[in-house]
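# Analysis of the macromolecular model
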Amino acid sequence: MNYKKNNFHIENIPIEKIAKKFGTPTYCYSLSTIKKNIKKFKNNFKTINPLICFSVKSNSNLFILKEIKKMGVGADVVSKGELLIALKAGINPKKIVFSGVGKTYEELKFAIEKKILLINVESESELNQIEKISKIKKRKIDVGLRLNPNIDAKTLKKISTGKNEEKFGLIQKSFLKIIEKFKNSKNLKIKCLSVHIGSQITNHRPYEKMLNVLSSVIKKADYNFEYIDLGGGMGIKYNENTKVLNYKKYNSIIKKFLNKNKTKIILEPGRSIVGNSGLLLTKIIYIKETNKINFVILDAAMNDLIRPALYGSKHRIIASKLNRKIKRKKHEFVGPICETTDKFLSLSKFQSLKEKDILAICDVGAYGMVLSSNYNLRTKPAEILINKFSLKTITRRQKLNTII
Ligand SMILES: *Cc1c(COP(=O)(O)O)cnc(C)c1O
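Treat the numbers as computed from the prediction; the structure is a model and nothing was measured.

## Focus: the packing of helix α4 (residues 80-88) against helix α5 (residues 105-113)
Between α4 and α5, whose axes approach to 10 Å, the crossing angle comes to 20°. One finds that α4 runs roughly parallel with respect to α5. Here the hand of the crossing between α4 and α5 comes out left-handed. Between α4, through K80, L83, L84 and L87, and α5, the contact on the second element is made entirely by E106, E107, F110 and A111. Along the lines of polarity and charge, the residues of the contact of α4 with α5 split into five nonpolar, no polar and three charged.

Printed below as a string of structure tokens:
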């Protein structure tokens, strides 16, 4: 994605053309970026040969999942819906893991019937529920246990998941108690220890601490896990000043861990596979100038992309047409929704803009469309997949009459 002759392109197509053809707001994704990310990810972890399970919650579009499947990647799902769509994309159940603190009886039963690789259990009550199903089905069920390692992932508070005050996983004491109680169970086979300490992690140190905790817990449990599932969370570069995770270092810490613990590694990347592949195209409805602020009112809003409002995250904004003329005034890029938090970005200057111009909000491939809603009774955007010169509608724009 870059400017060619002053026109911003996604692969070989000017985004202005996509906006004209499909309207706005519209999500569009670069397939080659997704493929590149997967190749890079595999390469970075080549020496530990992990099972890679794409975190479906970051982007659950069927066509994108199909492409990811073609590259041999499995899935990490967190609901029956995500499990269904992963299967529909053709992903082998033996490459699917199921996480989440509140899986219902119905969801567990469905996952068991589909014979997925692992259900990563997060409470003793959930384990009892699975045992019940196991007895009914007269089958031994493979499970993982999710440990809450009490690690600060040093990321945004709202996307941190590995501390004891957060709802995820089992605290060490419960974890060890469950191993003791179920290690010889006829109904359950504990195959995996899983963790996931948070998202958008840009430093390897939290991961290092996490692996140290794992080593110590494994020792205390005195139990052989066939798999260690390290979750996802690898951060991406949203801005010039965000650091990126040092994959080499992370890989080498895992290698060190494997020297002490013989096991197979599972990784569950989401954002790092799709995050930088997506743009949200939007049109300027109005520009409203006040004494101090230039409000750029877009046709995309927090219902289309909630990350800035929900987490305070900052996504770059670029214009479809490059204009060297700069306007030095505070710019606020906002949506039409009646909420003060419906704001994407504040900048002290931007290139000169006019109404009807097309802009793109960048790096929205992960936790973008999946978090969209119908707030203010607005329809959800369309999604377009770009492959070199070709465009494919992978989600049609929602119509008002389907929600009214
Ligand atoms: C959200 C989530 C992931 C993916 O996190 P990313 O930051 O997108 O890589 C992986 N595993 C679990 C259990 C999750 O909840």
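Once you've had a look at it, read on.
## Let's talk about the site of the ligand
The local shell around the ligand holds 14 residues, among which K57, S199, G233, E268 and Y367 are the closest. At a separation of 3.5 Å, a nitrogen atom of the ligand approaches a polar side-chain atom of H196. Within the contact set of the ligand, a nitrogen atom lies 2.5 Å away from a side-chain nitrogen or oxygen of E268. For the ligand, whose accessible area on its own is 380 Å², the fraction buried by protein is 94%. Here the shell around the ligand is composed, by residue class, of two nonpolar, seven polar and five charged.

## Some points on the pattern of salt bridges
Where charged atoms of side chains with opposite charge meet at close range, the side chains can pair. Using the criterion set out here, one finds 23 salt bridges in the structure. For E332, the salt bridge identified is with K330, shortest N-O distance 3.5 Å. Judged by relative accessible area, E332 falls into the buried class, the value being 7%. Counted as one network, the salt bridges with shared partners bring together E16, K20 and K321.

## A short note on the pairing of strand β16 (residues 326-334)
In the sheet, strand β14 (residues 293-298) pairs with β16 via five bridges, with the strands oriented parallel. Residue pairing across strands places N294 opposite H331, the latter belonging to β16. Bridge count between β16 and strand β17 (residues 343-351): seven bridges; the pairing is antiparallel. Looking across to β17, one finds that V334 is bridged to K343.

## What about α5?
When we look at burial in α5, the residues that qualify are E107, L108, F110, A111 and I112. Summarising the contacts, the buried residues of α5 are in contact with α4, β7 (96-98), β8 (118-121), α6 (124-137) and β9 (141-146). Remark: K115 follows α5 within two positions and exhibits a positive phi of approximately 50°.

## Here we look at the environment of I253
Looking at the element boundaries, I253 is found in helix α9 (residues 247-260). Between the C-alpha atoms of I253 and N212, which are 41 residues apart in sequence, the distance is 9.6 Å.

## Looking at the sheet that holds strand β2 (residues 7-10)
Within the open sheet, the three strands sit side by side as β1-β2-β3. Their pairing is antiparallel. In this open sheet, the two strands that pair with only one neighbour each are β1 (2-4) and β3 (13-14). Bridging between β1 and β2 involves three bridges; their strand directions are antiparallel. Looking at β2, one finds that K4 is bridged to N7.

## Focus on the sheet that holds β7
Within a sheet, adjacent strands bond to each other through the backbone by hydrogen bonds, running parallel or antiparallel. Read around the barrel, eight strands follow the order β5-β6-β7-β8-β9-β10-β11-β12 and close on themselves; strand pairing throughout is parallel. Ignoring strand direction, the axes of neighbouring strands in this sheet form an average angle of 30°. Note that strand β5 (residues 51-55) and strand β6 (residues 74-77) share three bridges and pair parallel. Counted as the bridge partner of S55 is D76 from β6. Most of the contacts of helix α7 (residues 172-182) go to strand β10 (residues 188-194), to which it runs at about 155°, and overall it touches β9 and β10.

## Remarks on the packing of aromatic side chains
This model, assessed by the stated rule, comprises 10 aromatic pairs. Seen from their ring centres, Y207 and Y250 are 4.0 Å apart, and the 15° between their planes marks the pair as stacked. Of this pair, Y207 sits in helix α8 (residues 205-221) while Y250 sits in helix α9, placing them 43 residues apart in sequence. There is no split in this pair, since Y207 and Y250 are both buried. Plain terms: the ring middles of Y223 and F225 are 5.0 Å apart, the flat faces sit at 65° to each other, and that makes the pair edge-to-face. Relative accessible area serves as the criterion here: at 13%, Y223 is assigned to the buried category. Three or more aromatic residues link up through ring pairs in this structure, and these residues are F41, F45, Y207, Y247 and Y250. In this structure, K66 packs its charged tip against the face of F63, placed 5.3 Å from the ring centre. A cation over an aromatic ring shows up here: K80 above the ring of F110, its NZ or CZ 4.7 Å from the ring centre.

Rules of the game
- In this convention, every chain numbers its residues from 1, walking through the sequence in written order.
- Reporting in this predicted model follows two pLDDT cut-offs: at least 70 for local features of residues, and 80 or more for side-chain atom pairs to be given and counted; totals over whole chains, interfaces and linings ignore these cut-offs and use all residues.
- Side-chain metrics in this entry use all non-hydrogen atoms of the structure; hydrogen atoms and water are not considered.
- Where helices are involved, their axes are fitted lines through C-alpha atoms of the stretch in contact, as for all axes, and angles between N-to-C directions lie from 0 to 180°.
- The secondary structure listing takes helices from DSSP runs of H or I that are at least 4 residues long and strands from runs of E that are at least 2 residues long, numbered from the N terminus.
- Oblique is the label for every angle not falling under 35 degrees (roughly parallel), over 145 degrees (roughly antiparallel), or within 65 to 115 degrees (roughly perpendicular).
- For a crossing to be left-handed, the near helix must be turned anticlockwise from the far one by less than a right angle; the clockwise case is right-handed.
- By the convention used here, residues are in contact when the closest approach between their heavy atoms is within 4.5 Å.
- Only Asp, Glu, Lys and Arg are considered charged in this grouping, and only Ala, Val, Leu, Ile, Met, Phe, Trp, Tyr, Cys and Pro are considered nonpolar; every other residue, Gly among them, is considered polar.
- Summary of the distance rule: residues count as near a molecule or strand when at least one heavy atom falls within 4 Å of that molecule or strand.
- N or O atoms within 3.5 Å of each other form a polar contact, as long as, within protein, one can give a hydrogen and the other can take it, and as long as residues adjacent in sequence are counted only when both atoms are side-chain atoms.
- Each accessible area value is a Shrake-Rupley result obtained with a 1.4 Å probe; residue values ignore everything except the protein chains displayed when judging cover.
- Think of a salt bridge as a Lys or Arg side-chain nitrogen and an Asp or Glu carboxyl oxygen that are within 4 Å of each other.
- Residue burial is assigned from relative accessible area. The probe radius is 1.4 Å, only protein chains are included, and a residue is buried under 20% of its type maximum, exposed over 50%, and partly exposed in between.
- Pairing between two strands is assigned when DSSP locates at least 2 bridges connecting them.
- Whether two aromatic rings pair depends on their centres lying within 6.5 Å, for rings of Phe, Tyr and Trp, where Trp uses its six-membered ring; planes under 30 degrees apart make the pair stacked, over 60 edge-to-face, and the rest tilted.
- Charges are assigned to positions over rings by a cutoff of 6 Å between ring centre and Lys NZ or Arg CZ, combined with an angular limit of 35 degrees from the ring normal.

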